[in-house]
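What follows is the residue order along each chain.
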Amino acid sequence: MHRPLIIIPARGGSKGIPRKNIRLLDGKPLIAYSIEVAKAVAADTADIILSTDDAEIARVGREWGIEVPYSRPAKLADDTTGTREVLLHAMDWADSRGMTYDCVLLLQPTSPLRTVADVEAALKLYRPDIDMVVSVMPTAANPYYDCFETDTDGFLGICKGPGTYTRRQDAPEAWQYNGAVYVINPASLRQMPMGCFARRVPSVMPRENSIDLDTPLDWTIAEAIINARK
């Protein structure tokens, strides 16, 4: 069994959906969905780091059953801060306190429909000789079939392959990150950005669990899915 350091990044600022991390979705704060999943897979709730610069978000985290002794510095809470920098800072904090973990589990609050089973499936795929297990869903546009780019003359050409596929089901499978689950090798993360990882293993999630809340429309869709499941 793996022992992940679980990091939930939830800064106070949000432009697409203001204060979205603590906005109520079906009656509970958005971060509560990730906290509940984290508590279900954590060996100890002390392994869960809510990475926030915001006192109100920290308070909500405590209300949902986790300690929040860590505070993200303001310099890592603006629009230009990368996820890797946020993770490394939280890892340094955990290391300074002697916390034990063999992988980093990143749970972004913007994926409220991910399930415990989705996370457990990704954790089962992790092994120390890879860089990352990442959750994916079937891509909406297949680069071999219906995804195009323009050449220097402005003409459309297929993104990948010969362009001869006439049925989507004949084209090679293609996957899209859904932003829900990342199980990361700590040594790899310290060595390079996640985009440079050469050994990435996909963990396939259902599209209906893969909603990523970036816009008010995404929020409306998530509410509709939740209500349909009741």
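This text gives an overview of the structure that appears in the document.

Conventions and cut-offs
Residues numbered from 1 in each chain as written. Predicted model: local features only at pLDDT ≥ 70, side-chain atom pairs only at ≥ 80, totals over all residues. Heavy atoms only, no water. Helix = DSSP H or I, 4+ residues; strand = E, 2+ residues; numbered from the N terminus. Rg over C-alpha atoms; globule rule 2.2 N^0.38 Å. Buried < 20%, exposed > 50% of the residue type's maximum accessible area, 1.4 Å probe, protein only. Contact = heavy atoms within 4.5 Å. Areas by Shrake-Rupley, 256 points an atom, 1.4 Å probe, with all protein chains shown as cover. Lys, Arg positive; Asp, Glu negative; His and termini not counted. Charge placed at Lys NZ, Arg CZ, Asp CG, Glu CD. Pairing = 2+ DSSP bridges. Axes fitted to C-alpha atoms, helices over the stretch in contact; angles between N-to-C directions. Arc of directions from axis to C-beta. Polar contact = N/O pair within 3.5 Å; in protein donor to acceptor, adjacent residues only side chain to side chain. Salt bridge = Lys/Arg side-chain N within 4 Å of Asp/Glu carboxyl O. Expected span 1.5 Å × (residues − 1).

Structural notes on the overall build of the protein chain
Within the protein chain, the secondary structure is distributed over six helices and ten strands. Relative to the globule expectation of 17 Å for 230 residues, the C-alpha radius of gyration of the protein chain, 19 Å, shows essentially globular dimensions. By principal-axis analysis of the C-alpha atoms, the protein chain measures approximately 55 × 40 × 35 Å. Going through the 230 residues of the protein chain one by one, you find that 47% of them count as buried. In the protein chain, 73% of the contacts between residues at least 6 apart in sequence involve partners at least 24 apart. Summing over all exposed atoms, the protein chain offers an accessible surface of approximately 11,500 Å²; the carbon and sulfur share of this is 53%. Looking at the protein chain, you have 26 positive and 30 negative side-chain charges, and the mean spots of the two groups are 3 Å apart.

Concerning the sheet that holds strand β1 (residues 4-9)
The six strands are arranged β4-β1-β5-β9-β6-β10 in an open sheet whose pairing can be described as mixed. With one partner strand each, in any of the chains shown, β4 (48-51) and β10 (200-204) form the two edges of the open sheet. Looking at each pair of strands side by side, their axes are set apart by 35° on average, direction ignored. Across four bridges, β1 lies against strand β5 (residues 103-106) in parallel orientation. The partner of Ile7 across the bridge, within β5, is Leu106.

Quick notes on helix α2 (residues 55-63)
Within α2 the residues assigned to the buried category are Ile57, Ala58, Val60 and Gly61. The arc that holds the buried residues of α2, viewed along the axis, is 160°, so those residues lie on one side. Looking at α2, the residues exposed on the side facing more than 90 degrees away from the buried face are Ala55 and Glu63. Those residues of α2 hidden inside the fold are in contact with β3 (28-29), α1 (30-41) and β4. Between the side-chain oxygen of the N-cap and the backbone nitrogen of Glu56 there are 3.0 Å, and the N-cap of α2 in question is Asp54.

Structural notes on the environment of Ala141
For Ala141, the position within the fold is in the loop between β6 (132-138) and β7 (148-150). A sequence separation of 35 residues divides Ala141 from Gln176, and the C-alpha atoms of the two residues are 9.3 Å apart. Once residues lying within four places of it in the same chain are set aside, the contact partners of Ala141 are Asp146, Cys147 and Arg168.

Things to note about the pattern of salt bridges
The tally for this structure, following the rule as stated, stands at 14 salt bridges. Arg168 is paired through a salt bridge with Asp146; the nearest N and O atoms lie 2.5 Å apart. On the criterion of sequence distance, the pair formed by Arg168 in the loop between β8 (156-158) and β9 (175-184) and Asp146 in the loop between β6 and β7 is long-range, its members being 22 residues apart. Exposure remark for Arg168: the relative accessible area of 33% places this residue in the partly exposed category. Each of Arg19, Asp54, Glu56, Arg59 and Glu63 takes part in one network of salt bridges that share partners.

Brief notes about the pairing of β4
The alternating pattern of β4 places Ile48 and Leu50 and Ile49 and Ser51 on opposite faces, both of which are buried. Sheet topology places β1 next to β4; four bridges connect them, and they run parallel. Residue pairing for β4: Ile7 is matched across the bridge by Ile49.

Re the pairing of β5
Here β5 shows two buried faces, one formed by Cys103 and Leu105 and the other by Val104 and Leu106. Of the strand pairs in this sheet, β5 and β9 are connected by three bridges, and their pairing is antiparallel. Within the sheet, the bridge partner assigned to Val104 lies in β9 and is Ile184.

What about helix α3 (residues 83-96)?
Taking 1.5 Å per residue as the helical rise, α3 with its 14 residues ought to reach 20 Å, and the 20 Å between its terminal C-alpha atoms agrees with that figure. Among all positions in α3, only Arg84, Val86, Leu87, Leu88, Ala90, Met91, Trp93 and Ala94 are buried. Buried-residue contacts for α3 involve β1, β4, β5, β9 and α5 (186-191).

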